[in-house]
Amino acid sequence: ETGVTQTPRHLVMGMTNKKSLKCEQHLGHNAMYWYKQSAKKPLELMFVYSLEERVENNSVPSRFSPECPNSSHLFLHLHTLQPEDSALYLCASSQESAGGELFFGEGSRLTVL
Amino acid sequence: GQSLEQPSEVTAVEGAIVQINCTYQTSGFYGLSWYQQHDGGAPTFLSYNALDGLEETGRFSSFLSRSDSYGYLLLQELQMKDSASYFCASDSGGYQKVTFGTGTKLQVIP
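Keep in mind it's a predicted model, so treat the numbers as computed, not measured.

A. Highlighting the side chain of Ser62(B). Residue and element names in this part refer to chain B. Counting through the fold element by element, serine 62 comes out in strand β7 (residues 60–65). Side-chain polar atoms of serine 62 contact the side chain of serine 47, separated by 3.0 Å. A polar contact is formed between the side chain of serine 62 and the side chain of asparagine 49, at a distance of 2.5 Å. For serine 62, the contacting residues outside a window of four places in its chain are Trp34, Ser47, Asn49, Gly53, Leu54, Glu55, Tyr72 and Leu73.

So this is what it looks like as structure tokens:
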């Protein structure tokens, strides 16, 4: 148990579906992140929220839409995805002043058919 | 931009010592972290080096040389449970923009 909970753990969706991934952190952190992990590739930073404001958007396609309603919750809304978007989506949180330490959830395994 | 390179796979014997290297090219470099990820699990933080030198945490040690843009993770007294993927990561920016390396899959054999 890392203090970061992601749901659902597994998701299969068609290219025309709309779904959302949810992340909740119980650590009192003030920054939250979405990372994408694909086979044979480094973890790719997608979005960063600091104090509930988006501070980073790494040229992610608009079919991925993040939402951070408060400092404990982060969502990733998915629509009209492509098969190449199939991956493990990891949520993480951190305290801004802490050196490089991210706390990850166990991820949501997404398969796009 | 930032990039971090690691060997893709390493195999070592139980009880031995293994070193996993990481070279980086970054702008605005603050420090180097190491994470462990077992298959199907979440990456978990192991160590962080903000200054040059060696940091020791139990069986794991991590080293950083800023002048060489190089670091390594040293695992001693290897155990079977240490079989996992290990990632180095650099951070830059106050909101902890962390960029990960390519990852090294460590296999510990009896």
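B. Spatial organisation of the interface of chain B and chain A. Contacts between chain B and chain A engage 18 residues on the former and 25 residues on the latter. When the two sides are added together, the surface that chain B and chain A hide from each other amounts to roughly 1700 Å², 58% of it contributed by carbon and sulfur. Across the contact surface, chain B and chain A share zero salt bridges. Linking chain B to chain A there are three residue pairs in polar contact (both at pLDDT 80 or more). Secondary-structure elements contributing two or more residues to the side of chain B that touches chain A are β4 (31–37), β5 (44–49), β9 (84–92) and β10 (97–100) of chain B. Of the residues assigned to the side of chain B that touches chain A, the class counts are nine nonpolar, seven polar and two charged.

C. Seen up close, the pairing of strand β7 (residues 64–70) of chain A. Alignment of β7(A) against strand β8 (residues 73–79) of chain A, held across five bridges, turns out to be antiparallel. Each bridged residue has a counterpart across the sheet, and for Ser65(A) the counterpart in β8(A) is His77(A).

D. Representation of unusual backbone geometry within the structure. With an omega dihedral of -10°, the bond running from Thr7(A) to Pro8(A) counts as a cis peptide bond. Relative to the helices and strands, Pro8(A) resides in the loop between β1 (4–7) and β2 (10–13).

E. The layout of surface pockets, seen in detail. Its volume calculated, the largest pocket comes out at about 600 Å³. Gln37(A), Ala39(A), Lys40(A), Ser85(B) and Phe87(B) are the residues nearest the centre of the largest pocket, which is lined by 22 residues in total. Mapped by element, the contributors of at least two residues to the lining of the largest pocket are β9 (87–94) of chain A together with β9 and β11 (104–109) of chain B. Class assignment for the residues of the lining of the largest pocket results in four nonpolar, 12 polar and six charged.

F. Geometry of the pairing of strand β8 (residues 70–75) of chain B. All names here are of chain B. For β8, the buried fraction is high: five of the six residues fall into the buried class. Of the pairings in the sheet, the one linking β7 to β8 comprises six bridges and is antiparallel in character. Bridge pairing in β8 links phenylalanine 60 to leucine 75. Linking β7 to β8, which pair antiparallel, is a turn of four residues; within it serine 69 sits at a positive phi near 50°.

Basis of the calculations
Residues numbered from 1 in each chain as written. Chains lettered and ligands numbered in written order. Predicted model: local features only at pLDDT ≥ 70, side-chain atom pairs only at ≥ 80, totals over all residues. Heavy atoms only, no water. Helix = DSSP H or I, 4+ residues; strand = E, 2+ residues; numbered from the N terminus. Polar contact = N/O pair within 3.5 Å; in protein donor to acceptor, adjacent residues only side chain to side chain. Contact = heavy atoms within 4.5 Å. Buried area = accessible area lost by both parts, 1.4 Å probe. Salt bridge = Lys/Arg side-chain N within 4 Å of Asp/Glu carboxyl O. Nonpolar A, V, L, I, M, F, W, Y, C, P; charged D, E, K, R; others polar. Pairing = 2+ DSSP bridges. 1 Å grid on protein atoms, 1.4 Å probe; cavity = no way out; pocket = protein on both sides within 12 Å on 5 of 7 lines; lining within 4 Å. Points joined across faces, edges and corners; volume = space filled by probe spheres on them. Buried < 20%, exposed > 50% of the residue type's maximum accessible area, 1.4 Å probe, protein only.

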